[in-house]
Amino acid sequence: MAWTDLLPPLPHLKIDSIQQEEQQILIMLVSTRESDQCPTCQTGSQAGHGWYTRRIRSLPCSGRTVIFFIRARRFRCLNPTCPRKTFREDLSALVNRYQRRTQAVTHLLCSLGAVAGGQAGACLAAQMHLPMSRSTLLRCLIRQATSPEGAPRVVGVDDFAWAKRRRYGTILVDLETHRLLALLADCEEETVATWFRHHPSVQIVTCDRSPSFADAIRRGAPHALHIADRFHLHMNAMTCLETLLTREQAAIRRVVASLRADHRETHPAPLPKPLAPERQRSERRARRYARYEQVIQLKAQGWSQRAIAQETGLHRQIVAIYLKAGQFPERASHPPRGRVIEPYLDYLQQRWEQGEHNGRILFEEIRAQGYPAGLTEVYVALQPWRTHGPTASLARAK
């Protein structure tokens, strides 16, 4: 693969040399154009006047900055009536006039500015080896917005912040092509109305319910149809719903209490499960007995204690205990240890059925009766009742 396969199209330019440095790649280009047209009178000319050099930044390659040094031609205009005596050859296929970056870099910077904004876009550009200030990104957006690309028909209008809570402007977007049309310096009615007067092709305008925008559109485009945009319709619907639910909280609480009472009648709340169920103890004993049987079988086959410990993964002392016991050594049974909260469970269940579901209030009530433990034990005891039944989420939302 040649270097030319990695570069953008370079019409009327040839590569003279390439220099690779630690942080950048310098590519020397020389013009091969023999004639050009005067940009003022459009007269063709082959009369060369001299050479000049342009330094153009391109997209980075493998984390290194790529810079074009273009040695281009200058021609003489042969039209004696033309006010321009000399002109530079046209390089617009690669770079716009008076710019020091290729069109690909400009498009990338416009995308960064539109998505991330000024400051955040400048940080992203620096990480991509395209150091630019936030002002440069915003100028790219404004320049792209002001470039004529057809008459807009459906336009969206909204405000945006130049400086949050300090200065706001107006953004206008072509909703058919999703193209930025303009960024106005402020939100004044006269500014917005003037823009619409200069764009009589606008037929439909979408915006929020701001009276200032509505008046500006009526003054600047009286023939245009006003439509409330989808985002603000959703916001208005959400605000109305929130207001309605806030106003009807008393009725919602009554419905929740009725549903909870009906559920308690048909599905009584279960008592908390014991912390150490008998089933878990049986499963652990079965696993210990299986290991004991394995140790006895290996010993009967002539295995040493060290080999048995390595095979079963048990400690040598455990193997020795199993072999000396003569039968499966049962663990000593301990008397069941009662929970501190058990004497108060009946009272808690009674208060729960009466509608009191606040754990801290129940804790204060049983502490006044002599409960010596902490608040966590109360929460653990109430948890099965909170997660039981279809009204549990309503109870938590109370």
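Keep in mind it's a predicted model, so treat the numbers as computed, not measured.

Q: Quick question: what am I supposed to make of the packing of helix α8 (residues 278-300) against helix α10 (residues 316-325) here?
A: Helix-helix packing is described using two parameters, namely the angle between the two axes and the distance between the axes. Two elements in contact, α8 and α10, have axes separated by 10 Å at closest approach and are oriented at 75°. One element, α8, and the other, α10, form an angle in the roughly perpendicular class. Facing Arg288, Arg291, Tyr292, Val295, Ile296 and Lys299 of α8, the residues of α10 in contact are Val319, Tyr322 and Leu323. Classifying every residue of the contact of α8 with α10 by side-chain character gives 6 nonpolar, no polar and 3 charged.

Q: Hey, could you run me through the side chain of Ser58 in this one?
A: Mapping Ser58 onto the fold places it in strand β5 (residues 48-61). Those residues within four positions of Ser58 in sequence are excluded, and the remaining contacts are Val66, Phe68, Thr102, Val105 and Leu130.

Q: Where do I start with the pattern of salt bridges in this structure?
A: Pairs can form between side chains of opposite charge once their charged atoms are near each other. The tally for this structure, following the rule as stated, stands at 11 salt bridges. Its salt-bridge partner being Arg218, residue Asp215 comes within 2.4 Å of it at the nearest N-O pair. With Asp215 and Arg218 both in helix α5 (residues 211-220), this residue pair falls 3 residues apart, about one helical turn. A residue is classified by how much of its surface remains accessible, and Arg218, at 46% relative accessible area, is partly exposed. Note that Glu330 and Arg285 form a salt bridge whose closest N and O atoms lie 2.2 Å from each other. Taken together, the positions of Glu330 in the loop between α10 and α11 (345-353) and Arg285 in helix α8 put the pair 45 residues apart, joining distant regions of the chain. When its relative accessible area of 45% is taken as the criterion, Glu330 is described as partly exposed. When its relative accessible area of 34% is taken as the criterion, Arg285 is described as partly exposed. Connected through shared salt-bridge partners, Glu189, Glu190, Arg197 and Arg219 make up one network.

Q: Any chance you could explain unusual backbone geometry here in plain terms?
A: With glycine set apart, most residues show a phi of negative sign, and most peptide bonds adopt trans. The phi dihedral of Gln42 falls on the positive side, at around 60°, and the residue is not glycine. Here Gln42 shows up in the loop between β3 (36-37) and β4 (44-45). Judged by relative accessible area, Gln42 falls into the partly exposed class, the value being 47%. The residue His178 is not glycine, and still its phi comes out positive at about 55°. Inspection of the secondary structure assignment puts His178 in the loop between β9 (167-174) and β10 (179-184).

Procedures and definitions
Residues numbered from 1 in each chain as written. Predicted model: local features only at pLDDT ≥ 70, side-chain atom pairs only at ≥ 80, totals over all residues. Heavy atoms only, no water. Axes fitted to C-alpha atoms, helices over the stretch in contact; angles between N-to-C directions. Helix = DSSP H or I, 4+ residues; strand = E, 2+ residues; numbered from the N terminus. Parallel < 35°, antiparallel > 145°, perpendicular 65-115°, else oblique. Contact = heavy atoms within 4.5 Å. Nonpolar A, V, L, I, M, F, W, Y, C, P; charged D, E, K, R; others polar. Salt bridge = Lys/Arg side-chain N within 4 Å of Asp/Glu carboxyl O. Buried < 20%, exposed > 50% of the residue type's maximum accessible area, 1.4 Å probe, protein only.

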